Amino acid sequence: KILTEWEKTNRAIIELPTGMGKTIIALELILKHYTSGKTILILVNTKQLEQQWASELEKINFQTDKNVSTVIIATIQKYYKYKNLNFDLLIVDEGHHLFAEKLINILKFNYFKDILILTANVIRDDMRHLLANDFEINCITERSYENGIKEKLICEFNIINIDVNLFDEEAQKLSKINTFIYENYKLFNYDFIKVKRLCYANP
């Protein structure tokens with residue numbers, strides 16, 4: 001059903017909570033539409049996710065030779081300065097980051113025939129998610145954990161918080177880290193280059 005909705009425009013946001021199959025949907029999409037000479041760019045926000053995507057493509061035996069699609073998997077921070085790229089499909093995991101001030105340049109200065117944005121929550125505090133409308137990208141599915149459990153997409157679960165006591169030195173380090181994050185790494189609204197520079201300056 002979700003793929004059918006995506007096929008109406010080929011440019012959409014899939015918003016589903018963690019564990020409800022966003023990656024599986026993307027892989028099914030690739031296998032259905034992009035196995036004959038297409039070019040695919042998959043952008044993620046961490047090296048760990050980059051490795052996970054490569055692993056998932058291996059699991060479905062997705063080959064990248066001259067007879068099938070060419071797939072590039074990279075971090076979004078590496079690609080926001082590129083211009084004049086041309087791909088058949090752009091997939092962005094943790095896609096709410098795409099609408100940040102500098103990362104949005106990926107959409108502004110490059111061409112993607114089809115777009116699939118995956119996120120657990122597209123709504124941003126700075127409201128920049130509304131920029132999706134400028135690129136004719138609409139959210140085609142919204143489900144909460146409650147919906148997922150009801151539809152048997154995920155299992156029921158309990159969240160248990162366990163308090164731990166910190167040593168004084170640990171508490172001081174934690175306080176220093178929290179202060180650094182709150183001052184320099186505001187949710188969905190940060191300068192990645194500045195934060196990276198500050199991290200190196202404050203190991």
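Above this text is the structure in question.
Basis of the calculations
Residues numbered from 1 in each chain as written. Predicted model: local features only at pLDDT ≥ 70, side-chain atom pairs only at ≥ 80, totals over all residues. Heavy atoms only, no water. Helix = DSSP H or I, 4+ residues; strand = E, 2+ residues; numbered from the N terminus. Buried < 20%, exposed > 50% of the residue type's maximum accessible area, 1.4 Å probe, protein only. Phe/Tyr/Trp six-rings, centres within 6.5 Å; stacked < 30°, edge-to-face > 60°. Lys NZ or Arg CZ within 6 Å of the ring centre and 35° of its normal. Polar contact = N/O pair within 3.5 Å; in protein donor to acceptor, adjacent residues only side chain to side chain. Expected span 1.5 Å × (residues − 1). Arc of directions from axis to C-beta. Contact = heavy atoms within 4.5 Å. 1 Å grid on protein atoms, 1.4 Å probe; cavity = no way out; pocket = protein on both sides within 12 Å on 5 of 7 lines; lining within 4 Å. Points joined across faces, edges and corners; volume = space filled by probe spheres on them. Nonpolar A, V, L, I, M, F, W, Y, C, P; charged D, E, K, R; others polar. Salt bridge = Lys/Arg side-chain N within 4 Å of Asp/Glu carboxyl O.

J.: Explanation requested: the overall build of the protein chain in the structure shown.
T.: In terms of regular secondary structure, the protein chain is built from 8 helices and 6 strands. Taking all 203 residues of the protein chain together, the buried fraction comes to 38%.

J.: Mind showing me how you'd approach the packing of aromatic side chains here?
T.: Given two aromatic rings, their pairing is described by the distance between the two centres and the angle made by the two planes. Applying the stated criterion to the full structure yields 2 aromatic pairs. For the ring pair F87 and F112, a centre distance of 6.2 Å and an interplane angle of 25° mean the geometry is stacked. Here the residue F87 occupies a position in strand 4 (residues 86–92), and F112 occupies one in strand 5 (residues 111–119), the gap between them amounting to 25 residues. As far as the burial class goes, F87 and F112 line up, both buried. Of note, K83 hangs over the ring of F109, and the distance from its end group to the ring centre comes to 4.8 Å.

J.: Looking at this model, I keep getting lost on unusual backbone geometry. Mind explaining?
T.: Of all residues except glycine, most have a negative phi; of all peptide bonds, most are trans. Although it is not a glycine, M127 sits at a positive phi angle of roughly 65°. Residue placement: M127 occurs in the loop between strand 5 and strand 6 (138–142). Using a relative accessible area of 44% as the deciding quantity, one classes M127 as partly exposed. Here the phi dihedral of E136 falls at roughly 55°; this positive angle occurs in a residue that is not glycine. Inspection of the secondary structure assignment puts E136 in the loop between strand 5 and strand 6. Here E136 falls in the exposed class, since its relative accessible area comes to 59%.

J.: Would you mind going over the environment of E7 with me for this structure?
T.: By the secondary structure assignment, E7 is in the loop between helix 1 (2–6) and strand 1 (11–15). Remark: the alpha-carbon pair of E7 and L29, spanning 22 residues in sequence, is separated by 9.4 Å. Within the structure, the side chain of E7 is placed 2.8 Å from the side chain of H33, a separation counted as a polar contact.

J.: Where do I start with helix 3 (residues 47–59) in this structure?
T.: Over its 13 residues, helix 3 extends 19 Å from the first C-alpha to the last, a length consistent with the 18 Å expected when each residue adds 1.5 Å. Regarding helix 3, the residues found buried are L49, E50, W53 and L57. Viewed along the axis of helix 3, the buried residues span an arc of 105°, placing them on a single side of the element. For helix 3, exposure combined with an orientation more than 90 degrees from the buried face picks out K47, Q48, Q51, E58 and K59. Against helix 2 (22–33), strand 2 (39–44), strand 3 (70–75), strand 4 and strand 5 lie the buried residues of helix 3.

J.: What is the right way to read the layout of surface pockets from this model?
T.: To locate leftover empty space, one rolls a probe as large as a water molecule over the atoms. Space inside the largest pocket adds up to approximately 260 Å³. Contributing elements (two or more residues each) for the lining of the largest pocket: helix 2, helix 3 and strand 5. Of all the elements, helix 3 adds the most residues to the lining of the largest pocket, at 4 residues. Its residues assigned to classes, the lining of the largest pocket comprises 6 nonpolar, 6 polar and 4 charged.

J.: So what exactly am I meant to see when it comes to the pattern of salt bridges here?
T.: Side chains that differ in charge, positive against negative, can pair when their charged atoms come close. By the definition in use, this model includes 6 salt bridges. The partner of E50 in a salt bridge is K47, with the nearest N and O atoms 3.6 Å apart. On the criterion of helical spacing, the pair formed by E50 and K47 is a turn pair, its members being 3 residues apart in helix 3. A residue is classified by how much of its surface remains accessible, and E50, at 19% relative accessible area, is buried. On the basis of relative accessibility, which here comes to 57%, the residue K47 falls in the exposed class. For K113, the salt bridge identified is with D114, shortest N-O distance 3.8 Å. By relative accessible area, D114 is classed as buried at 4%.

J.: Whenever I open this one, helix 2 confuses me. Can you help?
T.: At 3.6 residues per turn, the α-helix brings residues three or four places apart onto the same side. Under the 1.5 Å per step criterion, the end-to-end length of helix 2 is 17 Å for 12 residues, consistent within 8% with the ideal 16 Å. On its buried side, helix 2 packs onto helix 1, strand 1, strand 2, helix 3, strand 4 and strand 5.

Honestly, it's all geometry; don't read function into it.
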